[in-house]
Amino acid sequence: ASARSAHSRSSNAHCENAGAAVPSAPRARSLCGHSQLRLLHRVVDSRLEAETYYMAKLSKDERSFWLDSSRRELGMSRFSYMGGSTGPLSYQVRYNLPKRTLHTTFADGREESSDDCDVLDFLQEQLRACQLAAHVPASVAQDTAATELPFEFMGGFVGYLGYELKELCEDGVGEKNRHVSEEPDAVLLFADRFLVWDHQHGCVYVVALVSEDDIETHAAGNSWLESTEVEILRLSSLSLRETLAERHQAMREVRECVTHEVPPMSEVVPVRHAADSAPGGDASSEPDMEGAVTGTEDVETDEDVHESMGVGEERVSGNEPPTVDADDGEEQEPSNSPSGPGSISFPPVKPTAPLLSAGPGSVPRGALPHSEGVDSSTSAQGGGCGKDGGSKDLGFTSLDSEVEYQAKVRQCLGYIVEGESYELCLTTRHRSRRGMRVDALRFYQRLRAVNPAPYSALLRCGPGLTVCSSSPERFLRIRADGLCDSKPIKGTRRRGSCPVEDAAICEELRTCEKDLAENLMIVDLVRNDFGRVCTEASVCCPKIMDVETYATVHQLVSTIQGQMRADVTCIDVLRATFPMGSMTGAPKRRSLALLDVVEGDARGIYSGAVGFLSLDGAVHFSVAIRTAVVTDDRVKIGAGGAITVLSDPQDEWDEMLLKAAALLSCAHAVASGGVVQAPTITSTVASAGAAAGGSRVRGDGLAATPDTIFT
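Reading the values: rules and limits
- Residues numbered from 1 in each chain as written.
- Predicted model: local features only at pLDDT ≥ 70, side-chain atom pairs only at ≥ 80, totals over all residues.
- Heavy atoms only, no water.
- Helix = DSSP H or I, 4+ residues; strand = E, 2+ residues; numbered from the N terminus.
- Buried < 20%, exposed > 50% of the residue type's maximum accessible area, 1.4 Å probe, protein only.
- Contact = heavy atoms within 4.5 Å.
- 1 Å grid on protein atoms, 1.4 Å probe; cavity = no way out; pocket = protein on both sides within 12 Å on 5 of 7 lines; lining within 4 Å.
- Points joined across faces, edges and corners; volume = space filled by probe spheres on them.
- Nonpolar A, V, L, I, M, F, W, Y, C, P; charged D, E, K, R; others polar.
- Expected span 1.5 Å × (residues − 1).
- Arc of directions from axis to C-beta.
- Polar contact = N/O pair within 3.5 Å; in protein donor to acceptor, adjacent residues only side chain to side chain.
- Core = buried A, V, L, I, M, F, W, Y, C linked by side-chain atoms within 4.5 Å.
- Phe/Tyr/Trp six-rings, centres within 6.5 Å; stacked < 30°, edge-to-face > 60°.
- pLDDT = per-residue confidence, 0-100.
- Bend = angle between axes of the 7 residues up to and from the residue.
- Axes fitted to C-alpha atoms, helices over the stretch in contact; angles between N-to-C directions.
- Parallel < 35°, antiparallel > 145°, perpendicular 65-115°, else oblique.
- Left-handed = near helix turned anticlockwise from the far one by under 90°.
- Pairing = 2+ DSSP bridges.
- Salt bridge = Lys/Arg side-chain N within 4 Å of Asp/Glu carboxyl O.

Please give an account of the overall build of the protein chain that cites residues and values.
Counting its regular elements, the protein chain contains 15 helices and 29 strands. Of all 711 residues assigned to the protein chain, the portion counted as buried reaches 61%. Looking at the protein chain alone, contacts between residues at least 24 apart form 74% of all its contacts between residues at least 6 apart.

Following this line, the structure appears as C-alpha cells:
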C-alpha cells in the first residue's frame, strides 16, 4: 500500500500484484491487533429464536450482521450466524473500487484509510496474519480446538462483495467497469464475537475470539460469554409478543391476494403476553392481530429490551426443525414435505412452449442485431413494473421500461445469434422515489416471514446502508480442508397440489429443453472456473441437473465440486469464480463485457456475493439475488433473467417482474405502514394464466395467477 496508509506501515504486500498468491510474502500486520487467536465458546440449550435476540440486543448496532437460515432445509441451512461490531478486536472495512481506497473503522471509533489497494489482496493478507491456535487449554468457558465445532465460521470477515469487483477477478482483468456503483464495492466486518444458532439440535453457540497470549482479552472474552448466556436464557423465559402474529397475518394477507381464500382463524396464532406465562399471570387478554399489546400494565418488561425488540417469536411445535443425529458435514436430501402456515397449492402450470417453432437454424423471435442498439427514449407500454407500470404504483421506478427491457433482450439475442455468447444474464434495477423512508429492520422481518430462503441475510453496513437478502442460491463454499463446491440453480417449479400433479411438474422440469440448456451451460462455466484453482482430477459434478424437492418448490440444481490445489488460497478461488456464472453468462469473460454495454448501469451489491471468510480458510457465499439495498431515503432492488437463443422478450420481461415482486411489495408495505400488496401485472402473464385456467411459474418458482403475483 501507499506510505500514506496509516494501517499498512509494516507491509505493502496486500496491495500489490492483484490475483497473485503470496505465500512467501512477509506477514502483514493484523488489524485486529493480535496474530495468534483462539476460540472460546459456550453452548446454551435454548429454543430462543434468532430474530428475538437480534432485535433485542443487536438492532441498534449499525455495523452488525445476521446470516439467517430463515428457510430451514436439512443439509443446507442448519446454522445461522449473527454478531456486532463492539468486540475489542472488531473492525469494518469499506472499499471504493474506482478510487482503490480502503476505509477502516475500529471498535474504539478510530478510522484509517489506505490508497491504491486491492480489497481481495487485503483480505488474503489479513487472513494470513491471523492464525487460529490448534489447541486451547481448559478454562471457565468451554474452550476447544476450532476443528471440533460443527459449524464452518470460526471468526473472520462477514459482509458483501459487489458485482463490480469483477474488475479485480480473472474474467475481468483488462476490462475496466463502464459503470460505478452508488454503494461501496465491498463492506466487510471482522467479527470477533458472534452467536451461532444450531437449528438442528436446538441450541446456541456463543463464540469469542481472544488473543492466545493476552490474559486481559481472555478475561474479557469469558465475561462476555457468561453475560451473553445469561441474556439468552433471560430472553428465552420472556413471552415474545408480536412476531408470530405478524408473520401469520402477513401470510394470511398474501394468501388472500393469491387465492382469494381466507384461511381459518385457527391458523393464526394468538399473541401471548408475558403475563400469560408468568406465574400467576392473567391469560385472559384478547390477542391483537396487528401486534399491539393490550393490558401492557401486566407485562414484565426490560425497558431497553422491549424498546429495541419490536418483535419476537415463540417457536411452534409444528415448525420445529427436525432433530437428526447426522453430522452436517455432508449434503443431505432436502425436505419433501410442505410445512408451516401459509403453504399454498396452485393450479397446474402451463407447459413450456415449443422451442424453435421455425426449426433448426431459425432466428429467435424478435432477435435484434446488436448494432441496432437500444432506443432509451422509448416509453413503456402497458402495465407491470415499468416506468409507467406497476412498480410506479408501489413508489418505484424501473431503470428500463417494458419496451426498453424487451429491446435489450432482443439486443442480447442478436449477440447470441452472431456467436458472441451462448447465454447472457440480463438484469435491471428498480429504485424507489427519493424520500421513501423504509425501516430496514421492519423490511427484513417482513421479507423473511413471507419469502424465507436458506441463505437469507441482514447486513448493517454502517449508517444509512443495509442489505436485506433472501437468496436461494449458493455461490461458493470452501471447507477448511479445501473442498470447494457451488450449486447453481437454473429451473424452478412450484409444488403440486397432489402426488400425481407433483410428479408431473417434476417430470416437466426434468425434461424442459430450455431449463436443461441453461443449467448445462452454467455447469460447464463453473467447471471451467474450478479447473483454474482445483486439482484436475478432482473437478466433478456429483449431481447434474438434478431435481431437488423442497417444501414449496422443485428446483433444477447442479452441484460442482473440486479440491483446491495446495498452491492457491481461498482468495485465489474467489478471483477465479467471481461473479457467479449464473449471473453473467457463457462464455463468462465475453458475457461480462457485453452486459456492461447492454445494461447501462452498475449492478452494485445485486448479483455480487453475501457471506463470510473464516480464519481457518472456510468460505461460504450466497449469490446476492432477491436482495434489496436500503438507504436513508431510497430502496434499490435488482432483478433479471438468463437470455438464451430460446428466450422470448415478453416472457423475459414477465419473469423479471415476478422476481422483483416480493421485495417491491414488502418495501411498499413497510413504507406505507400497510399490508403486503401484490401489484397487478397486465400483459402476457395474466392473459396466459387465465387462458390456462391457472398459474404460470417462471424460472424461479414464482407463480402468477390472473391479475396477481406472488413469490
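Now, onward.
I'd like to hear about empty space enclosed by the protein, residue by residue, with values.
By the definition in use, this model includes 10 cavities of 30 Å³ or more. In this model, the second largest cavity occupies a volume close to 80 Å³. Lining the second largest cavity are Arg63, Ser64, Phe65, Gln92, Val158, Gly159, Val187, Leu188, Leu189, Leu459, Arg460 and Cys461. Of all elements in the fold, only β9 (156-161), β10 (186-191) and β15 (455-460) reach the threshold of two or more residues within the lining of the second largest cavity. When grouped by side-chain class, the residues that make up the lining of the second largest cavity number 7 nonpolar, 3 polar and 2 charged.

Describe helix α10 (residues 499-511), and please don't skip the residues or the numbers.
Taking 1.5 Å per residue as the helical rise, α10 with its 13 residues ought to reach 18 Å, and the 18 Å between its terminal C-alpha atoms agrees with that figure. All of the buried residues along α10 are Glu501, Asp502, Ile505, Cys506, Glu508 and Leu509. The buried residues of α10 occupy one face: seen down the axis, they fall within an arc of 160 degrees. Across α10 from its buried face, at more than 90 degrees, point the exposed residues Pro499 and Val500.

Could you give an account of the side chain of Ser471, with specific residues and numbers?
With respect to the helices, strands and loops of the structure, Ser471 is situated in strand β16 (residues 465-471). A distance of 3.2 Å separates a polar atom in the side chain of Ser471 from the backbone nitrogen of Glu473. Aside from chain neighbours lying at most four places away, what touches Ser471 is Ala453, Pro454, Tyr455, Ser456, Ser622, Val623, Ile625 and Arg626.

I'd like to hear about the nonpolar core, residue by residue, with values.
Formed by 89 residues in total, the largest nonpolar core has its most connected members in Phe151, Phe190 and Leu613. Among the elements that take part in this core, β10 stands out by supplying 6 residues, more than any other. Setting aside anything within four residues of it in sequence, one finds Phe151 in contact with Phe79, Tyr81, Phe194, Val196, Tyr205 and Val207. With 61 residues, the next largest nonpolar core counts Leu441, Tyr444, Leu447 and Val450 among its residues.

Which residues make up the packing of aromatic side chains, and what are the values?
Scanning the entire structure with this criterion turns up 17 aromatic pairs. Ring centres 5.9 Å apart and planes at 55 degrees place the aromatic pair Tyr53 and Trp197 in the tilted group. Separated by 144 residues along the polypeptide, Tyr53 in helix α1 (residues 50-58) and Trp197 in strand β11 (residues 193-198) bring together distant segments of the chain. There is no split in this pair, since Tyr53 and Trp197 are both buried. On the basis of an interplanar angle of 80 degrees and a centroid distance of 6.3 Å, the ring pair of Tyr81 and Phe151 is categorised as edge-to-face. Here Phe151 lies in the loop between β8 (142-143) and β9 and Tyr81 lies in strand β3 (residues 79-83), a separation of 70 residues in the sequence.

Describe the confidence of the model for the protein chain, with residues and values.
Mean pLDDT over the protein chain: 74, with 65% of residues reaching 70 or higher. Within the model, pLDDT remains below 50 along residues 134-141, and this stretch shows 18 contacts once partners closer than five positions in the same chain are excluded. Across residues 675-711, where pLDDT falls below 50, the model places 105 contacts with residues more than four positions away in sequence or in other chains.

How would you summarise helix α14 (residues 649-672) if you had to cite specific residues and measurements?
The terminal C-alpha atoms of α14 lie 33 Å apart, and with 24 residues this matches the ideal 34 Å at 1.5 Å per residue to within 8%. In α14, a bend of some 45 degrees at Ala661 exceeds every other bend along the element. In terms of burial, α14 is largely enclosed, as 22 of its 24 residues are buried. Gly673 occupies a position one or two residues after α14 and carries a positive phi of about 75 degrees.

Summarise the packing of helix α8 (residues 402-417) against helix α13 (residues 588-599); cite the residues concerned and give the values.
In the contact formed by α8 and α13, the axes pass within 10 Å of each other and the chain directions differ by 150 degrees. If you check the angle between α8 and α13, you find them roughly antiparallel. Our pair here, α8 against α13, has a crossing hand that is right-handed. Across from Lys408, Gln411, Cys412 and Tyr415 in α8, the residues of α13 making contact are Leu594, Val597, Val598 and Glu599. Looking at the contact of α8 with α13, its residues break down into 5 nonpolar, 1 polar and 2 charged.

Let's hear about the packing of helix α9 (residues 440-450) against α14: which residues, and what values?
Between α9 and α14, the shortest axis-to-axis distance is 9 Å and the interhelical angle comes to 135 degrees. On the basis of the axis angle, α9 is oblique to α14. α9 and α14 meet at a crossing whose hand is right-handed. Across the interface between the two elements, Arg442, Phe443, Arg446, Leu447 and Val450 from α9 touch Leu663, Cys666, Ala667, Ala669 and Val670 from α14. The residue makeup of the contact of α9 with α14, split by class, is 8 nonpolar, no polar and 2 charged.

How would you explain the pairing of strand β2 (residues 65-68) if you had to name every residue and give the values?
With burial as the criterion, each face of β2 is covered, one bearing Phe65 and Leu67 and the other bearing Trp66 and Asp68. With 3 bridges connecting them, β2 and β3 associate as antiparallel partners. In the sheet register, Trp66 faces β3, and the bridge partner there is Met82. By the bridge criterion, 4 bridges tie β2 to β15 in an arrangement that is antiparallel. From the neighbouring strand, Phe65 faces β15, where its bridge partner is Leu459.

Account for the pattern of salt bridges, naming residues and giving values.
Here the structure, examined in full by the defined rule, presents 40 salt bridges. With its nearest N and O atoms 3.0 Å apart, the salt bridge here joins Arg128 to Glu125. Of the two residues, Arg128 and Glu125 both sit in helix α2 (residues 119-129), 3 residues apart, roughly one turn of that helix. Neither residue differs from the other here; Arg128 and Glu125 are each classed as buried. Put simply, Glu182, Glu183, Arg429, Arg431, Glu599, Asp601, Arg603 and Lys636 are held in one network by salt bridges that share partners.

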